[in-house]
Each structure stands twice: as structure tokens, then as C-alpha cells.
Amino acid sequence: MTSAQVDTDKAPEEGYERGLNSRQVQMIAIGGAIGVGLFLGAGANIAKAGPSIILMYALAGVIIFFIMRALGELLLYRPVSGSFAEYSREFLGPFFGYFTGWTYWLMWVVTGMAELTAAAIYIHYWFPDIPQWVSALVFLVLLFVANLISVKLFGEIEFWFSMVKVTAIIGMIVIGIGVITFGFSQAGDTAAVSNLWEFDGFFPKGIGSSLMTLQGVMFAYLAVELVGVTAGESENPEKTLPKAINTLPWRIALFYVGALTVILAVVKWTEFAEGVSPFVEAFAVIGIPAGAGIVNFVVLTAALSSCNSGMYSTGRMLRTLADNGEAPRVFNKLSSTKTPAIGISVSVVFMAIGVVLNYLVPEKAFGYVTSVATAAGIWTWLMILISHVLYRRKVVAGRLPASSFPAPGGSVCSYIAIAFLLFVTCLIAYDADSRICLYVMAGWAVALGIGWFVLRSRNPQLTTRPGDDEPELQKVS
């Protein structure tokens with residue numbers, strides 16, 4: 001065992017209850033790949049790209065798999081709560097661990113705002129007179145209380161939220177195939193596979209317009225890395241984590257590529273618009289009694305599921321930062337139920353900004369926060385990939401032990417994924433509507449830089465990596 005392993009085993013995950021069983025970890029992994037980015041955001045992406053959005057989700061899905069296999073190799077080398085922030089700290093230096101931890105916290109805070117916004121929009125389906133901010137506030141309080149009780153309750157809530165999402169998507173696919181094959185329902189006369197190319201082709205607005213949707217598509221995949229945060233609270237990470245990661249390709253193929261292919265064959269792409277869930281629209285066109293209402297309930301659970309995950313991960317990340325002296329020590333405390341209650345509470349206070357946005361700019365709140373979340377997510381993924389490349393170099397050089405779950409192709413896939421994420425960043429910079437998130441991230445970087453300077457002046461030891469005082473070859477047992 002490396003000294004780095006010893007240090008980390010003592011640190012961030014100490015005191016946590018390993019209360020997430022295999023069933024829950026598998027469903028958290030599945031649920032992490034199904035969120036509001038698919039259920040709500042796909043409507044706007046379809047309107048911009050037409051049927052080619054299927055290819056965009058598939059392409060992004062391949063990159064996400066590369067990222068998760070890189071993370072999987074690191075997790076089995078050293079399974080810790082806080083995962084990629086710890087790996088950034090080990091392989092790139094303390095500042096990158098600090099920056100990644102706080103940026104991941106920001107990502108989940110703004111994602112929580114997005115999910116609360118989406119949930120409030122879905123409530124409008126049944127109760128149009130209830131203001132968005134009221135619904136957002138009620139859901140925020142309910143999920144906050146659930147997260148304070150125990151990690152087992154969090155895992156159980158996520159299990160059933162994910163079960164609802166999975167069942168609904170499979171049901172949508174089966175019904176859609178039935179409509180296409182047998183022609184029943186109100187959509188039977190117009191449903192056909194040829195809808196994928198008959199209305200101005202597969203790329204109706206050009207390849208450039210399709211590529212511009214990649215930034216929104218990547219938002220849909222935020223949270224797949226959450227399985228890494230659960231490592232410190234999984235009963236048997238050596239078995240559950242590889243299984244959860246290896247099932248990612250079929251999850252993407254079924255829930256994204258499969259579902260969107262069926263939906264766009266049943267309903268022509270010109271019927272979809274921003275702010276309307278393609279799943280709700282498809283059921284409404286098919287004409288199944290109460291079908292649209294049922295799907296609206298499903299997408300509501302998807303939003304609440306993601307917000308629930310956000311509260312879980314932000315509290316753990318703040319505790320990791322506090323343990324390393326990069327956040328107030330008070331975040332290091334666990335409640336009597338072994339949850340980082342103070343970190344969760346502070347995160348929820350910041351998520352409440354989303355309630356304010358829903359009060360001030362209800363029509364723009366979702367777009368604002370999703371662009372910031374995507375930029376923060378891209379940074380997190382880049383840190384995972386770069387850490388993996390550096391880890392592989394040390395393994396090849398014999399300086400660190402090999403992981404029991406090596407990524408296929410070594411570092412090659414990580415380099416491909418890095419290039420792809422940089423390309424998406426360029427797309428964000430090119431798009432005037434989403435470019436604002438880069439300004440926000442620049443301001444965030446300046447704020448973190450100032451914070452790091454203050455922390456370093458108070459505690460110079462922060463700039464020293466664990467185990468730096470030992471020759472690297474002696475770190476491997």
C-alpha cells in the first residue's frame with residue numbers, strides 16, 4: 001500500500017457509514033445517467049438539431065464512458081470519498097485538489113438550482129396558478145430534511161427515483177415501438193422510422209447547428225461521476241464500482257439513443273420546442289389517457305432525484321475540503337446520523353438562490369444555471385482525465401501500483417476525451433447565449449485564487465502533497 005493510500009484512508013471517508021449497498025449503488029449509477037438534461041433539455045436540443053441529436057447524444061456518451069473508465073481505474077487504485085478532488089490533489093498538486101473540490105461543489109449547487117427550476121415547471125402542468133418559486137422552495141426543504149436523516153435514506157430515495165425513471169423510459173420505448181410497428185393510437189398514421197430523415201434530412205439545420213447542441217447534451221450527462229463520490233460509503237467498492245461503470249454503455253444506448261430514436265420516429269422533430277419535455281409531448285401525441293400526466297410525474301421525479309444527489313455530494317465534497325484545510329473546519333463534523341449536516345445545510349442555503357431566480361426571471365432561470373453547471377462539470381471531467389494520464393505514467397514507470405480495473409487503451413482514450421471537452425468549451429465560447437458561463441467561471445477562478453492565497457499564507461503546509469517527503473519508489477509496498 002502506498003503512503004498516499006494510508007493518508008487518505010485515515011482522512012475524508014473516516015466516520016462515514018458504509019450504508020450504500022450494491023442495489024443502491026447500481027441504481028444511483030443508472031439514475032445519474034438519466035436527468036433533466038434528457039427529460040427537459042432534449043426538447044430544445046431536438047429543435048436545434050433535429051434527428052441528428054441522436055448522434056450527438058451517442059458521441060457524447062462514448063466520451064462519458066472514456067471518462068468513467070478513467071475514473072474507475074483511479075477509484076480501484078484508491079477508493080475514497082471525495083474521489084476526483086483527491087486525485088487532482090495527488091497528481092496535479094494541492095491547488096488543483098482545492099480548485100476541483102470547490103468547483104464540483106459549485107457544479108452541484110447550480111445543478112440543484114436547475115433541477116428545482118425544472119421541478120417547479122413540471123408542477124405548472126397540474127397547478128398553473130402556483131408560482132414557480134413556491135414549488136421550488138417546498139421541494140428544497142423536503143429533500144434537505146431527507147438528506148439529514150441518513151445515507152441509507154438517501155440511497156433508498158435514489159433507488160426508487162431511479163426505478164421510476166428507468167421504468168418510464170422502458171415503457172416509452174416499448175409503447176413507441178408498438179405504435180411504429182402496429183400503427184395503433186392517434187399517432188399511428190404518421191409514426192414511421194422514416195421520420196428520422198424525411199423532414200429536411202438527418203441534419204435539417206446543418207452539421208454546425210448539431211454540433212452546437214453538444215454543450216446542452218453534455219449537461220444531460222452531468223452526475224454520472226457521482227458514483228465516484230459514493231466510493232467512501234459503498235459496502236464493497238471493489239465489486240460494485242466496476243459493475244456500475246461497465247453497465248454505462250448499455251444505459252446510454254437504451255435511455256438516450258434508444259429512447260430518442262423511438263420518440264423521433266413516433267413524432268416528427270418539428271413538433272418539439274424548448275421548455276417542453278419530448279417525453280410528455282410524445283405521450284400527448286400518442287393519445288394515451290393520462291399518459292402525459294404520468295410522464296410529467298416521471299420527469300418531476302428525475303428533477304428531484306438530481307437535486308437529492310446534489311445535496312448528497314456537496315456535503316461530502318465540503319467535508320473533503322475541510323479535512324484538507326481548504327474549507328472551514330466546521331464542515332468536517334458529522335451529525336449523530338453520520339452525515340455532513342453542516343456542509344449540506346450551507347449548500348442548501350446557496351441552492352436557495354435558485355428559488356430567488358425562479359421569482360425574478362422564471363423564464364430564463366433554467367438556461368442560466370445549466371450553462372454554469374456544464375462549465376463546472378467540464379472542469380471536473382478534465383481533472384479526472386488528466387489525473388488518469390499522470391497516474392498511468394507513474395504506473396508504467398513503476399512508481400505506483402497498478403489498479404485492478406485498468407481503463408481500456410491506457411491513456412489513449414483519456415487524451416481523446418480531453419480533446420473533445422476542449423472542443424465543447426470552444427463551442428460554449430462561440431455561442432453568445434452560453435458564453436456568460438465562462439465569464440462566471442473566470443470570476444469563480446479569481447475568487448478561488450484569492451482564497452488559496454489567503455489559506456496558503458495562514459497554513460504553508462497546504463502546498464505540500466501527502467507523502468512528498470518520501471522518495472516515490474518507497475511509496476509502493
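Residues numbered from 1 in each chain as written. Predicted model: local features only at pLDDT ≥ 70, side-chain atom pairs only at ≥ 80, totals over all residues. Heavy atoms only, no water.

Asker: Explain the packing of aromatic side chains to me, please; I cannot follow it from the model alone.
Answerer: Aromatic ring pairs are described here by two measures, namely the spacing of the ring centres and the angle between the planes. Scanning the entire structure with this criterion turns up 21 aromatic pairs. Considering the side-chain rings of Phe84 and Tyr104, the 4.6 Å spacing of their centres and the 70 degrees angle between planes classify their relative orientation as edge-to-face. Linking Phe84 in helix H6 (residues 83-91) with Tyr104 in helix H7 (residues 94-126), this pair joins segments that are 20 residues apart in sequence. Taking the relative accessible area as the measure of exposure, Phe84 reaches 1% and is therefore buried. Taking 6.1 Å as the distance between ring centres and 55 degrees as the angle between the ring planes, the aromatic pair formed by Trp250 and Phe255 counts as tilted. Given the relative accessible area of 1%, Phe255 is considered buried. Put simply, the rings of Phe95, Phe96, Tyr98, Phe99, Trp379 and Trp452 pair up and form one aromatic cluster. Here the basic side chain of Arg69 rests over the ring of Phe405, its NZ or CZ set 4.1 Å away from the ring centre. (Phe/Tyr/Trp six-rings, centres within 6.5 Å; stacked < 30°, edge-to-face > 60°. Helix = DSSP H or I, 4+ residues; strand = E, 2+ residues; numbered from the N terminus. Buried < 20%, exposed > 50% of the residue type's maximum accessible area, 1.4 Å probe, protein only. Lys NZ or Arg CZ within 6 Å of the ring centre and 35° of its normal.)

Asker: Whenever I open this one, the packing of helix H15 (residues 278-286) against helix H16 (residues 291-323) confuses me. Can you help?
Answerer: Orientation of H15 relative to H16, taken along the N-to-C sense of each, is 165 degrees, at an axis distance of 8 Å. As judged from the angle between their axes, H15 and H16 are roughly antiparallel. Where H15 crosses over H16, the handedness of that crossing is right-handed. Across the interface between the two elements, Phe279, Val280, Phe283 and Ala284 of H15 pack against Gly291, Ala292, Val295 and Asn296 of H16. Along the lines of polarity and charge, the residues of the contact of H15 with H16 split into 6 nonpolar, 2 polar and no charged. (Axes fitted to C-alpha atoms, helices over the stretch in contact; angles between N-to-C directions. Parallel < 35°, antiparallel > 145°, perpendicular 65-115°, else oblique. Left-handed = near helix turned anticlockwise from the far one by under 90°. Contact = heavy atoms within 4.5 Å. Nonpolar A, V, L, I, M, F, W, Y, C, P; charged D, E, K, R; others polar.)

Asker: Before we go on, may I ask you to explain unusual backbone geometry in this structure?
Answerer: For residues besides glycine, phi is generally negative; the peptide bonds are generally trans as well. For Asp200, which is not glycine, the phi torsion reads 70 degrees and is therefore positive. For Asp200, the position within the fold is in the loop between helix H9 (151-182) and helix H10 (207-212). By relative accessible area, which is 63% here, Asp200 ends up exposed.

Asker: Whenever I open this one, helix H8 (residues 132-149) confuses me. Can you help?
Answerer: Given 3.6 residues per turn, any residue in an α-helix points the same way as the ones three and four places further on. In this model, H8 (18 residues) spans 27 Å end to end at C-alpha, consistent with the 26 Å of a helix rising 1.5 Å per residue. Within H8 the residues assigned to the buried category are Gln132, Ser135, Ala136, Phe139, Leu140, Leu143, Ala146 and Asn147. Buried residues of H8, viewed axially, fall in a sector of 135 degrees; they line one side. (Expected span 1.5 Å × (residues − 1). Arc of directions from axis to C-beta.)

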